[in-house]
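Take a look at the letters that make up each chain.
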Amino acid sequence: MIKSHPLASVCLAGLLLGLSFAAQGRVAPGDASAEIRRTSFGVPHILARDEQGLGYGIGYAYAQDNLCLLANEVVTVNAERSRYFGPEQVTFEQRENLASDLFFSWLNAPSAVFGFWQAQPAQVRALLEGYAKGYNRALAERVAQGQGAQCLQAQWLRPITTLDLVKLTRRLLVEGGVGQFAEALAGATPPNAVARLNVDMSVAQARQNNFALERGSNAVAVGRERSASGHGMLLANPHFPWAGGMRFYQMQLTVPGKLDVMGAALPGLPLINIGFNRHLAWTHTVDTSRHFTVYRLELDPKDPTRYLLDGKSMPMSRQRLTVTVKGADGKLTPVNRDVYSSVFGPVVQWPGRLDWDKQYAFSLRDANLDNTRVLQQWYSMNQADSLKALQDSVHRLQGIPWVNTLAVDAKGQTLYLNQSVVPFVDAALLAQCSDSAAGQALIVLDGSRSACNWRVDPRAAQPGIFPSQLLPSLSRGDFIQHSNDSAWMVNPAQPLRGYSPLVSREDQPLGPRSRFALQRLNREGKLTGADLQQMVMGNQVYLAELLMPDLLQWCGKQAPDSQLTTLCSSLKAWNLRADLDSGIGLVHFQNILEPLLQRPDIWRVAFDPSDPQHTPRGLAVERADVAAALNQTALASLAEVEQAGLTADAQWGQIQQAADGTPIHGGPASLGVYNAIQSVAAGPGKRLVVSGTSYLQLVTFDSKGPQALGLLAFSESSEAGSAHASDQTRAFSAKQWHVIPFTEAQIKADPQYRVQVIREADSAAVANVMP
């Protein structure tokens, strides 16, 4: 057994002197303890007698694997990036530090953070308190021992507080709302203002466009009617970033007699987001519901910081934000900005899209800003002993921020819930108050009438959101599936219709991943776990299966001496997959199709709402305009491939790689690759994986309980020197899913089993880290 050793008090003194610790939240002394059992790939199985001990073990284990990652995110959510790194450097999300700091200074104002903390039940508080203690103990040990992490000498590294964890949670909450408008909030200034913040909104637009790509997901739950075993099966395939504050961490959490759950969690969260227990398994997919609305304010002609509401001139409130900025000379200076707000929310300014002039301004109201129930929600789901218990908790708490939930139990019943936090704007209110010129991409309501505010229903867990009774749900014995489309085609045998457009839109084209999944699930015969596994690992490019005959027909019309002959030969030789050994035809197909897909008129058969699984289809290469567009994108692809230095025999695994150089299969979700991987250009002929398949989980049930296979595609640790920085990445590259140990027997039988016991009482120094 590996035991932790007490730290000398001199180590703590040096640590506290060397680190900048702001005592924003206090952790009361206690006797937290935990047993951390690690199995293959370094996966921690944390056992404790209560929530504080459980949080203590989670924070400690996480800091062993991802100390710098979390510390960096704490700097971000505390609005301190400009202080330490300068205002013009960028965050992981490519947001300039000054804009990021202004946004988080607004989002995590003390009153909002303390309000969130005060709303938490005792169990959640104990988890957060324990997490902070555990992280800080690991930090103190690593600083004292000088072990590993590259950030140990950084000025910005410090012990964390419970309120830091609250700030991380609040950042997660607004990812589907005002978090996508950070630059628009930070840069909003009245039209007569002298000082303006110059922000690059093109980067913000790209980030908003990529939100679903970087946080998309696939999910399938198979019930007893279609399962070969007669028991339930669940495939979880979230597509999340491979680095930064949305990077999953795999672990098991156990409090005997109270909790036993396995799965993955986001940084700073002391619970499981996607996982399974003895009774059921669940996962999430990013939904298409709207979690915010924009209000167009009619301004007082005499003053652009006043607006008209029900005919009366109302002053905008003004909040002064101060961010400390490090200059080129290293000196620190304060930068002040004012955020203006109406009764609906903060004013946002997006040039050419949401302009603040002398006639109009735009306020944004995000429903999740008042969601204090999110941690309690997931902890209740972790403890659920039946599908009914899970569903009841979601109906009661309504704490899920911006995702769908798919679940299955051991008996083979499936459950789909589109039950996130959505503004209560029904079709009638939308008809009365929306700006039709804004289109469907952004819901813009009339801010001159208080009657256009969100409806309030006493059944809802929070004023102004839809009650759960008015949101989509579906329970079936055959299957349910979801791949980031609306709710209506979760199972075509029972379409979900009649909901507010803010919740779900029917009769819209399905994405290619949904069509691929329905094609596979509707095949004759029973389904096995291997079938679900192959949906991901098969790496089929669904659109290639549909469109390659048309492309080859077009190729057949090219002159023998055409410069497109090489491209056409590569398309013909390609295996229609995104595997490591797939040829250069995959690159050409991607280069050709992605621009064409921006045009709605390329299809031979247009979308038909009565046949969403099979339309649109056919590339209309017989039409001159489509053939001309195809010729243009094909020539552009040839030039791009040549410039990248790619040869005719190049393979996909040589091109698309993880940060450590591991070749990665999978490909663009836009082409219908179920194993969706998003990569970006990273030098000649190379693409770096930044997002996509992350935590893979296949849970099948039998008479003995859950049997799970899975992988964390980017591995447990984000620290390059860790033994667990790339081990699961290599396994993912080789398509080697591993058994996920869950029972005591499985855990202790693991060949890499090892144990560490940590007790707060063992070290007075650690107990006093939070002064």
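Quantities reported herein were computed from a predicted structural model and do not represent experimental measurements. (Residues numbered from 1 in each chain as written. Predicted model: local features only at pLDDT ≥ 70, side-chain atom pairs only at ≥ 80, totals over all residues. Heavy atoms only, no water.)

## As for helix H19 (residues 624-644)
Part 1 of the reasoning: Over its 21 residues, H19 runs 30 Å from end to end, which matches the ideal 30 Å to within 8%, given 1.5 Å per residue.
Part 2 of the reasoning: Those residues of H19 lying buried are Val-626, Ala-627, Ala-629, Leu-630, Thr-633, Ala-634, Ser-637, Leu-638 and Val-641.
Part 3 of the reasoning: Lining the buried residues of H19 we find helix H16 (542-556), helix H17 (565-573), helix H18 (585-596) and strand E23 (617-619).
Part 4 of the reasoning: Just beyond H19, the residue with positive phi is Gly-645, at close to 80°. (Helix = DSSP H or I, 4+ residues; strand = E, 2+ residues; numbered from the N terminus. Expected span 1.5 Å × (residues − 1). Buried < 20%, exposed > 50% of the residue type's maximum accessible area, 1.4 Å probe, protein only. Contact = heavy atoms within 4.5 Å.)

## Regarding the state of the cysteines
Part 1 of the reasoning: Overall, the coordinates contain three disulfides when judged by the stated rule.
Part 2 of the reasoning: Each disulfide pairs two cysteine sulfurs, and for Cys-433 the partner residue is Cys-452, the sulfurs being separated by 2.1 Å. Disulfide Cys-433-Cys-452: torsion about the S-S bond near -80°, hence left-handed. Of this pair, Cys-433 sits in helix H13 (residues 427-433) while Cys-452 sits in the loop between strand E19 (444-446) and strand E20 (473-476), and the two are 19 residues apart along the sequence. (Disulfide = S-S within 2.5 Å.)

## Here we look at the domain arrangement of the protein
Part 1 of the reasoning: When its domains are assigned, the protein resolves into domain 1 (33-213 + 757-762) and domain 2 (541-650).
Part 2 of the reasoning: Put simply, the middle of domain 1 and the middle of domain 2, counted by C-alpha atoms, are 43 Å apart. (Domains from an automatic or database assignment.)

## So, the packing of H18 against H19
Part 1 of the reasoning: Where H18 contacts H19, the two axes come as close as 9 Å, and the packing angle between them is 135°. Compared by their axis directions, H18 and H19 come out oblique. Two packed elements cross with a definite hand, and for H18 against H19 that hand is right-handed. Taking contact as the criterion, the partners of Val-587, His-588, Asn-591, Ile-592, Pro-595 and Leu-596 in H18 are, on H19, Ala-629, Leu-630, Thr-633, Ala-634, Ser-637, Leu-638, Glu-640 and Val-641. (Axes fitted to C-alpha atoms, helices over the stretch in contact; angles between N-to-C directions. Parallel < 35°, antiparallel > 145°, perpendicular 65-115°, else oblique. Left-handed = near helix turned anticlockwise from the far one by under 90°.)

## Comments concerning helix H11 (residues 374-383)
Part 1 of the reasoning: Burial analysis of H11 places eight of its ten residues in the buried class, the great majority of the element.
Part 2 of the reasoning: If you check which residues of H11 are buried, you get Val-374, Leu-375, Gln-377, Trp-378, Tyr-379, Ser-380, Met-381 and Asn-382.

## Overview of the pattern of salt bridges
Part 1 of the reasoning: One pass over the full model with this rule turns up 29 salt bridges.
Part 2 of the reasoning: Its salt-bridge partner being Glu-141, residue Arg-137 comes within 3.0 Å of it at the nearest N-O pair. Taken as a pair, Arg-137 and Glu-141 lie in helix H6 (residues 122-145) at a separation of four residues, close to a single helical turn.
Part 3 of the reasoning: Of the residues examined, Arg-137 reaches a relative accessible area of 0% and is grouped as buried.
Part 4 of the reasoning: Residue classification places Glu-141 among the buried positions, given a relative accessible area of 8%.
Part 5 of the reasoning: Across the salt bridge formed by Lys-388 and Asp-392, the nearest N and O atoms sit 2.7 Å from each other. Note that Lys-388 and Asp-392 are positioned in helix H12 (residues 387-397) at a spacing of four residues, about one turn of the helix.
Part 6 of the reasoning: Looking at Lys-388, the relative accessible area reads 57%, which means it is exposed. (Salt bridge = Lys/Arg side-chain N within 4 Å of Asp/Glu carboxyl O.)

## Side note on the environment of Arg-396
Part 1 of the reasoning: Mapped onto the elements, Arg-396 comes out in helix H12.
Part 2 of the reasoning: Overall, Arg-396 belongs to the exposed group, its relative accessible area being 52%.
Part 3 of the reasoning: Sequence separation between Arg-396 and Asp-625 is 229 residues, and the spatial gap between their C-alpha atoms is 54 Å.
Part 4 of the reasoning: Arg-396 has contacts with Gln-376, Ser-380 and Ala-461, leaving out every residue within four places of it along the chain.

## Concerning the packing of aromatic side chains
Part 1 of the reasoning: Going through the model one piece at a time under the given rule, you end up with 16 aromatic pairs.
Part 2 of the reasoning: Summarising the aromatic geometry, the rings of Phe-181 and Trp-350 are spaced 5.5 Å apart at their centres and angled 75° between planes, so their arrangement reads as edge-to-face. With Phe-181 in the loop between helix H7 (162-173) and helix H8 (182-186) and Trp-350 in the loop between strand E15 (347-348) and strand E16 (360-366), this pair connects stretches of sequence that are 169 residues apart. By the burial criterion, Phe-181 is buried, and Trp-350 matches it. (Phe/Tyr/Trp six-rings, centres within 6.5 Å; stacked < 30°, edge-to-face > 60°.)

## Some words on the pairing of strand E5 (residues 233-241)
Part 1 of the reasoning: Burial analysis of E5 places nine of its nine residues in the buried class, the great majority of the element.
Part 2 of the reasoning: Of the pairings in the sheet, the one linking strand E4 (residues 217-222) to E5 comprises six bridges and is antiparallel in character. Note on E5: the bridge partner recorded for Val-222 is Met-233.
Part 3 of the reasoning: Judged from the four bridges that link them, E5 and strand E27 (residues 695-702) form a sheet pairing that is antiparallel. Across the sheet, residue Leu-235 finds its bridge partner in E27, namely Leu-698.
Part 4 of the reasoning: Where E5 meets strand E26 (residues 687-693), three bridges bridge the pair, whose relative direction is antiparallel. Its bridge partner being in E26, His-239 is matched across the sheet by Thr-693. (Pairing = 2+ DSSP bridges.)

## Quick notes on unusual backbone geometry
Part 1 of the reasoning: The amide bond that connects Thr-615 to the next residue, Pro-616, takes the cis arrangement and shows omega of 0°.
Part 2 of the reasoning: Here Pro-616 is to be found in the loop between strand E22 (603-605) and E23.
Part 3 of the reasoning: One non-glycine residue, Asp-310, lies in positive phi territory at about 55°.
Part 4 of the reasoning: Relative to the elements of secondary structure, Asp-310 occurs in the loop between strand E11 (303-309) and strand E12 (312-315).
Part 5 of the reasoning: The phi torsion at Asp-507 lies on the positive side, around 60°, for a residue other than glycine.

## Let's talk about the pairing of strand E14 (residues 332-341)
Part 1 of the reasoning: Relative to E14, strand E13 (residues 317-326) is paired through ten bridges, and the arrangement is antiparallel. Looking across to E14, one finds that Lys-326 is bridged to Leu-332.

## Observations concerning the side chain of Glu-719
Part 1 of the reasoning: On the secondary structure map, Glu-719 appears in the loop between strand E28 (705-712) and helix H21 (727-733).
Part 2 of the reasoning: On the basis of relative accessibility, which here comes to 12%, the residue Glu-719 falls in the buried class.
Part 3 of the reasoning: Within the structure, Glu-719 has its side chain in polar contact with the backbone nitrogen of Leu-67 (distance 3.1 Å).
Part 4 of the reasoning: Each residue touching Glu-719, except ones within four places of it in the same chain, is listed here: Ala-63, Gln-64, Asp-65, Asn-66, Leu-67, Cys-68, Arg-142, Ala-149 and Ala-725. (Polar contact = N/O pair within 3.5 Å; in protein donor to acceptor, adjacent residues only side chain to side chain.)

## What to know about the environment of Ile-465
Part 1 of the reasoning: With respect to the element layout, Ile-465 can be found in the loop between E19 and E20.
Part 2 of the reasoning: Look at Ile-465 and you get buried, because its relative accessible area is 0%.
Part 3 of the reasoning: Considered as a pair, Ile-465 and Pro-423 are 42 residues apart in the sequence and their alpha carbons are 4.4 Å apart.

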